[in-house]
Amino acid sequence: MQLAHQLTRLNWMLATAESCTGGLIAARCTDLAGSSVWFDRGFVTYSNDAKTQMLGVSNELLEANGAVSESVARAMVLGAVYRSKSLVSVAVTGVAGPSGGTPDKPVGTVWLAWCINGLVTAEIHHFDGNRQQIREATTVCALKGLIARLSL
C-alpha cells in the first residue's frame, strides 16, 4: 500500500479518529502485515461523549456546531495527534444513514480532516448510497486524502 510506504519512508506514525466509519479506516490500515511500523492507534468515537473523553473535543464545540461539522472534524484530528505518538492523523464524522439526516446535513454528509506534521486541512463530502456504501466511500476518501497530502 502506498500509504504504508510513504509513512515508513518518513518514519511517521498514523492515528485515526473515526465516528461514522466505526473503525473501518483503522481496519483497512491494519489489514496489512507489518502495519505496526507506521500505524499507532485508532480512536472509534461514535458518541459525543467518546469524542470528548477520548479526543478532547469540547462539549461547547459539539453543542454549537453539531458532531458533523468542520470544527469537530478538526478538533478530532488534532485530538488524535495529541493523544498518540503520531505526526499524521485522519478524522471522519458524518451521517451514514439511513436515518439521522437533516435538511442541513442530509444522509451522506461527511466531514473529513487530515493532520500532516501539524498542518490541518478539512473537506466536506456528500456521498450517495446506502449505509455500507457511504462508510466505504468515506474510508476510501480518507485514505486517498492521506496519500495525496503525504505526497506534497
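Fair warning: this is a prediction, and the values are worked out from it, not measured in the lab.

Before going further, it helps to examine the overall build of the protein. Secondary structure assignment for the protein yields six helices and five strands. On C-alpha atoms alone, the protein measures out to a radius of gyration of 14 Å, which is about the 15 Å that the 2.2 N^0.38 rule sets for 152 residues. In terms of overall dimensions, the protein has C-alpha extents of about 45 × 30 × 25 Å along its principal axes. Looking at the protein as a whole, 47% of its 152 residues are labelled buried. Long-range pairs, those at least 24 residues apart, make up 64% of the contacts in the protein between residues at least 6 apart in sequence. Total accessible area on the protein is roughly 7,200 Å²; 53% of this is exposed by carbon and sulfur atoms. Looking at charge distribution, the protein has the averaged site of its 12 positive side-chain charges lying 7 Å from that of its 11 negative ones.

In this section: the sheet that holds strand β3 (residues 88-94). Spatial ordering of the open sheet is given by β2-β1-β3-β4-β5, a layout of five strands whose pairing is mixed. Two strands in the sheet have a free side with no partner beyond their single neighbour: β2 (39-44) and β5 (119-126). With direction set aside, neighbouring strand axes in the sheet form an average angle of 10°. Across seven bridges, β3 lies against strand β4 (residues 109-116) in antiparallel orientation. Looking at β4, one finds that Val88 is bridged to Ile116. Of the strands in this sheet, β1 (14-18), β3, β4 and β5 touch helix α6 (residues 131-150), which is tilted by about 25° from β4.

Rules behind the numbers
- Residues numbered from 1 in each chain as written.
- Predicted model: local features only at pLDDT ≥ 70, side-chain atom pairs only at ≥ 80, totals over all residues.
- Heavy atoms only, no water.
- Helix = DSSP H or I, 4+ residues; strand = E, 2+ residues; numbered from the N terminus.
- Rg over C-alpha atoms; globule rule 2.2 N^0.38 Å.
- Buried < 20%, exposed > 50% of the residue type's maximum accessible area, 1.4 Å probe, protein only.
- Contact = heavy atoms within 4.5 Å.
- Areas by Shrake-Rupley, 256 points an atom, 1.4 Å probe, with all protein chains shown as cover.
- Lys, Arg positive; Asp, Glu negative; His and termini not counted.
- Charge placed at Lys NZ, Arg CZ, Asp CG, Glu CD.
- Pairing = 2+ DSSP bridges.
- Axes fitted to C-alpha atoms, helices over the stretch in contact; angles between N-to-C directions.

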